[in-house]
Amino acid sequence: MATPPDSPIIEEATLIELEEQLNNTSAFPHPRPVALEDLCRQTKFTRQEIRIMYRGFKQKCPEGVVHEDLFKDIYSKFFPHGNSNLYAHFVFKAFDVKSNGAISFKDMLMTLSTLLRGSIYEKLRWTFKLYDLNGDGCITRSELSQIVLAIHELMGKRPQGRGSTKSKDHTDMVFQKLDINQDGVITFEEFIESCLKDEAITKSLQIFDSRSL
């Protein structure tokens, strides 16, 4: 039977994503098949949802990956009244699980599954990864300050001067509550404990609801 015109055009058994490492040459890297069933097992999306998302992904990203420039362009369309570059850069790094400068369809799907359908713990774990800019397992005041500034710029709320009182006050308030033992760094355990106990902090750290700032 012919495929209906409205149906997502995608093979039942496989999806295509890039090799784990991009080639250093100008040639496009050879793709490898990824079982659709594997993606269903590894995420909280249905087969039909994955097909639909894959079709949209391929339309926007015919090369099979999202690079940072495109990622920033997408963010700029969602936040036209602010400067989204810095925040988009941080989020891109968190999506780029292989740290190779490109987000594959599987990378995107895995992260969206966590953010959209994961438990509170899973979402907070991802948020911690976003805020831990150098990946050393803890969040410093400087790292938190950069994220807060990026969100303020994203929402078009950045006052003149990078040392704005609003950004600094927000950073100080959140850091003081998260740094339970007051040793100058926020560990993952402190982050989880503080966020789960304090609804105000949890709302303040919402990834996609920056209006709370």
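Residues numbered from 1 in each chain as written. Predicted model: local features only at pLDDT ≥ 70, side-chain atom pairs only at ≥ 80, totals over all residues. Heavy atoms only, no water.

Please explain the nonpolar core as it appears in this structure.
The tendency in soluble globular proteins is for nonpolar side chains to be buried as a group. Ranked by size, the top nonpolar core spans 45 residues in total, and within it F71, F95 and F191 carry the most contacts. The element best represented in this core is helix 4 (residues 85–95), accounting for 7 residues. (Core = buried A, V, L, I, M, F, W, Y, C linked by side-chain atoms within 4.5 Å. Buried < 20%, exposed > 50% of the residue type's maximum accessible area, 1.4 Å probe, protein only. Helix = DSSP H or I, 4+ residues; strand = E, 2+ residues; numbered from the N terminus.)

Please explain unusual backbone geometry as it appears in this structure.
Generally, phi is negative for residues other than glycine and the peptide bonds are trans, each holding for most cases. The phi dihedral of S99 is positive, around 55°, even though this residue is not glycine. Tracing the backbone shows S99 in the loop between helix 4 and strand 4 (103–104). Phi angles above zero are rare outside glycine, and Q182 is one such case at about 55°. Here Q182 lies in the loop between helix 8 (165–178) and strand 6 (185–187).

Is there a simple way to explain helix 8 in this structure?
Side chains three or four residues apart in an α-helix point the same way, a direct result of the helix having 3.6 residues per turn. Its 14 residues place the ends of helix 8 20 Å apart at the C-alpha level, agreeing with the 20 Å of an ideal helix rising 1.5 Å per residue. All buried positions along helix 8 are accounted for by S167, H170, T171, V174, F175 and L178. Angular distribution of buried residues about the axis of helix 8 spans 120°; they occupy a single face of the element. Facing away from the buried side of helix 8 by more than 90 degrees, the exposed set consists of T165, K168 and Q176. (Expected span 1.5 Å × (residues − 1). Arc of directions from axis to C-beta.)

Sorry, what's going on with the pattern of salt bridges here?
Under the defined criterion, the tally for this structure stands at 11 salt bridges. The partner of R41 in a salt bridge is D38, with the nearest N and O atoms 2.1 Å apart. One end of the pair is R41 and the other is D38, both in helix 1 (residues 36–42) and 3 residues apart, which spans about a single turn. R41 sits in the exposed class, given a relative accessible area of 61%. Across the salt bridge formed by E193 and K197, the nearest N and O atoms sit 3.3 Å from each other. Here the residue E193 and the residue K197 both occupy positions in helix 9 (residues 188–197), the gap between them amounting to 4 residues, near one helical turn. (Salt bridge = Lys/Arg side-chain N within 4 Å of Asp/Glu carboxyl O.)

So what exactly am I meant to see when it comes to the UniProt feature "domain: EF-hand" (unreviewed entry) in the protein chain here?
Mapped onto the present numbering, the UniProt feature "domain: EF-hand" (unreviewed entry) falls at residues 83–118, 119–154 and 166–201. Helix makes up 67% of residues 83–118 and strand makes up 6%, while its end C-alpha atoms are separated by 29 Å. Secondary structure across residues 119–154 divides into 72% helix and 8% strand, with the first and last C-alpha atoms of the span separated by 26 Å. (UniProt positions renumbered as here; feature names shortened; annotations may be inferred.)

What's the story with the packing of helix 5 (residues 105–117) against helix 6 (residues 120–131) in this structure? I'm lost.
The axes of two packed helices give the description: the angle between them and the distance between them. In the contact formed by helix 5 and helix 6, the axes pass within 8 Å of each other and the chain directions differ by 125°. By the angle class used here, helix 5 and helix 6 are oblique. Handedness of the crossing formed by helix 5 with helix 6: left-handed. Of helix 6, the residues touching helix 5 (which contributes T111, T114, L115 and L116) are E122, K123 and W126. Here the contact of helix 5 with helix 6 is composed, by residue class, of 3 nonpolar, 2 polar and 2 charged. (Axes fitted to C-alpha atoms, helices over the stretch in contact; angles between N-to-C directions. Parallel < 35°, antiparallel > 145°, perpendicular 65-115°, else oblique. Left-handed = near helix turned anticlockwise from the far one by under 90°. Contact = heavy atoms within 4.5 Å. Nonpolar A, V, L, I, M, F, W, Y, C, P; charged D, E, K, R; others polar.)

Honestly, the environment of R125 in this entry has me stumped. Any pointers?
Structurally, the position occupied by R125 is in helix 6. In contact with R125, not counting residues within four places along its chain, are F188 and I192.

Sorry if this is basic, but what is going on with the side chain of S84 here?
Within the secondary structure layout, S84 lies in the loop between helix 3 (68–78) and helix 4. Here S84 falls in the buried class, since its relative accessible area comes to 3%. Residues in contact with S84, not counting those within four places in the same chain, are K72, Y75, S76 and L154.

In this structure, what is going on with helix 4? I would like to understand it.
Every buried residue belonging to helix 4 is among Y87, A88, F90, V91, F92, A94 and F95, and all of these are buried. The inward-facing, buried residues of helix 4 abut strand 3 (65–66), helix 3, strand 4, helix 5, helix 6 and helix 7 (141–154).

I tried to follow the packing of aromatic side chains on my own but got confused; where do I start?
Applying the stated criterion across every chain yields a total of 11 aromatic pairs. Summarising the aromatic geometry, the rings of Y54 and F105 are spaced 5.1 Å apart at their centres and angled 80° between planes, so their arrangement reads as edge-to-face. With Y54 in helix 2 (residues 47–60) and F105 in helix 5, the pair connects residues that are 51 residues apart, well separated along the chain. By relative accessible area, which is 1% here, F105 ends up buried. (Phe/Tyr/Trp six-rings, centres within 6.5 Å; stacked < 30°, edge-to-face > 60°.)

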